[in-house]
Amino acid sequence: MKNSIEALQQEIDTFVINSADELEAFRLRFMVRKGSIAAMFNQLKDASPAERPHYGQLLNQLKESAGQKYDDAKKRLDASSSGTGKQHVDLTLPGRKEYSGSEHPVQKVLGDMKQIFSAMGFTIATGPELELDTYNFEMLNFPENHPARDMQDTFFITRKEGKDDLLLRTHTSPVQIRVMLDEKPPIRVICPGKVYRNEAISARSYCVFHQLEGLYIDKSVSFADLKATIYSFAKQMFGSNVHIRFRPSFFPFTEPSAEVDITCYLCGGKGCRVCKHSGWLEILGCGMVHPNVLRNCNIDPDEYSGFAFGMGVDRTALLRYRINDIRLLFENDVRMLEQFMQ
Ligand code: DAH
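None of the values given here were measured: they were computed from a predicted structure. (Residues numbered from 1 in each chain as written. Predicted model: local features only at pLDDT ≥ 70, side-chain atom pairs only at ≥ 80, totals over all residues. Heavy atoms only, no water.)

Enquirer: Help me understand the overall build of the protein chain in this model?
Expert: Helices and strands together make up the secondary structure of the protein chain, namely twelve helices and nine strands. A compact globule built from 342 residues would reach a C-alpha radius of gyration of about 20 Å, whereas the protein chain, at 41 Å, exceeds it by more than 25%. Across its three principal directions, the C-alpha atoms of the protein chain cover 130 × 50 × 40 Å. Classification of the 342 residues of the protein chain by burial places 40% in the buried group. The contacts of the protein chain with a sequence gap of at least 6 include a subset with a gap of at least 24, amounting to 66%. When the accessible surface of the protein chain is totalled, it reaches about 19,500 Å², and 50% of it is carbon and sulfur. Across the protein chain, the mean location of the 42 positive side-chain charges is 7 Å away from that of the 44 negative side-chain charges. (Helix = DSSP H or I, 4+ residues; strand = E, 2+ residues; numbered from the N terminus. Rg over C-alpha atoms; globule rule 2.2 N^0.38 Å. Buried < 20%, exposed > 50% of the residue type's maximum accessible area, 1.4 Å probe, protein only. Contact = heavy atoms within 4.5 Å. Areas by Shrake-Rupley, 256 points an atom, 1.4 Å probe, with all protein chains shown as cover. Lys, Arg positive; Asp, Glu negative; His and termini not counted. Charge placed at Lys NZ, Arg CZ, Asp CG, Glu CD.)

Enquirer: Is there a simple way to explain the sheet that holds strand S1 (residues 123–124) in this structure?
Expert: Within a sheet, adjacent strands bond to each other through the backbone by hydrogen bonds, running parallel or antiparallel. Ordered in space as S1-S4-S5-S9-S8-S7-S6, the seven strands form an open sheet in which the pairing is mixed. A strand with exactly one partner marks an edge of an open sheet, and here the two such strands are S1 and strand S6 (244–251). Summarising the sheet, strand S8 (residues 280–289) and strand S9 (residues 305–312) pair through five bridges and their orientation is antiparallel. Across the sheet, Leu284 pairs through a bridge with Met311, a residue of S9. The strands touched by helix H8 (residues 223–238) are S6, strand S7 (254–263), S8 and S9; relative to S6, the strand with the most contacts, the crossing angle is about 125°. (Pairing = 2+ DSSP bridges. Axes fitted to C-alpha atoms, helices over the stretch in contact; angles between N-to-C directions.)

Enquirer: For this particular structure, what's the right way to read the packing of aromatic side chains?
Expert: Given two aromatic rings, one states the distance between the centres and the angle between the planes to describe the pair. Considering all chains together, one arrives at 18 aromatic pairs under this definition. Measuring from centroid to centroid gives 5.4 Å for Phe117 and Phe122, while their planes differ by 75°, and the two rings are edge-to-face. Accessibility assignment for this pair places Phe117 and Phe122 in one class, buried. Here Phe233 and Phe238 contribute two aromatic rings whose centre-to-centre distance is 6.2 Å and whose plane-to-plane angle is 85°, an arrangement assigned as edge-to-face. Members of the aromatic cluster, each reached through a chain of ring pairs, are Phe117, Phe122, Tyr216, Phe233, Phe238, Phe307 and Phe309. The ring of Phe156 carries Arg159 above its face, with NZ or CZ at 3.8 Å from the centroid. Of note, Lys227 hangs over the ring of Phe246, and the distance from its end group to the ring centre comes to 5.6 Å. (Phe/Tyr/Trp six-rings, centres within 6.5 Å; stacked < 30°, edge-to-face > 60°. Lys NZ or Arg CZ within 6 Å of the ring centre and 35° of its normal.)

Enquirer: In this structure, what is going on with the layout of surface pockets? I would like to understand it.
Expert: Where empty space is left becomes clear once a probe the size of a water molecule has been rolled over the atoms. Its boundaries defined by the atoms lining it, the second largest pocket holds a volume of some 190 Å³. Lining the second largest pocket, in full, are Asp133, Glu138, Glu144, Asn145, Arg149, Arg159, Glu161, Gly162 and Lys163. Grouping the constituent residues of the lining of the second largest pocket by class yields no nonpolar, two polar and seven charged. (1 Å grid on protein atoms, 1.4 Å probe; cavity = no way out; pocket = protein on both sides within 12 Å on 5 of 7 lines; lining within 4 Å. Points joined across faces, edges and corners; volume = space filled by probe spheres on them. Nonpolar A, V, L, I, M, F, W, Y, C, P; charged D, E, K, R; others polar.)

Enquirer: Can you walk me through the domain arrangement of the protein chain in this structure?
Expert: Taken domain by domain, the protein chain consists of domain 1 (2–79) and domain 2 (105–340). Look at where the C-alpha atoms of domain 1 and domain 2 centre, and you get two points 88 Å apart. (Domains from an automatic or database assignment.)

Enquirer: What am I meant to see in the site of the ligand here?
Expert: Near the ligand, the surroundings consist of 15 residues, among which His171, Ser173, Arg197, Gln211 and Glu213 are the closest. One of the side-chain N or O atoms of Glu213 is found 2.6 Å from an oxygen atom in the ligand. In the environment of the ligand, an oxygen atom lies 3.1 Å from a nitrogen or oxygen atom belonging to the backbone of Ala308. Notes on the ligand: free accessible area 350 Å², of which the protein chains cover 89%. Secondary-structure elements contributing two or more residues to the shell around the ligand are strand S5 (208–218), S8 and S9. (Near = heavy atom within 4 Å. Polar contact = N/O pair within 3.5 Å; in protein donor to acceptor, adjacent residues only side chain to side chain.)

Have a look at this one:
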């Protein structure tokens, strides 16, 4: 009996418990009523009365060491989670941050612009960024040798010096042509989108930016309608206190043409660094659609007239959100963008 007890003790000492399965195997082998230690207790009755207390004591030690080993192994496995599949949860750890995307500052400004114009009855039209020379220039009444057609300003994709040349549109005005070719007046659309120019890249200008174009064609549309529309837009967009001025200007596709300034909404017109101490900020170009442009799109200028306007979106985003470098709007660095979460 002594030998059997020693052999069992050795088996207990060398039993490896590194998983829940092994722990269970250990329990079934040594600790249950039909296990090997219990079987030894049953054999006690066969021992002589003189030896019985001694063996009883040895068996109790054996039972105790098996129990101790079982408890220790269970604690170790619970703590390390390996094998049991249970996670050890530390409630004192800081929570994990959930990131929800945010609207890009340019899209926020564009969203406001779209909302203001759609309340006035304008619908949204879009056109391709890869555009035909003829829609970008020719049909918009750009004379053949206009400097805007120069390689310096335009990213040409093909260059055969013809109407079918492909280029990255330099403004959203070609969408006007596409809409007028497609639809009969009355037409009232805005055309938001990206435009491309071969500019020297700096904090103030980038090779891609956003514009929003507007076009309204109907019978007897006048410059007064254009003014009313722009006034209403500017007051809603930049605040009811802004002053607005129209300056005569030139665009090949409008006659007469104007540029529109608002009082600088940072300094209120007093003059500051942003408005270059003039008190005014230019917001858009506009004018009455040139009769040649209407004719190019099979619209009779004696029957219909209309106005158009085009504005930059990015600069408004820069001013509104106090961003000092236009390149930040295109780099998509989340550290910058996550500052614009609602
Ligand atoms: N296309 C012009 C530009 O990129 C902006 C513009 C001016 C658009 C006058 C118009 C307009 O529709 O009437 O600078």
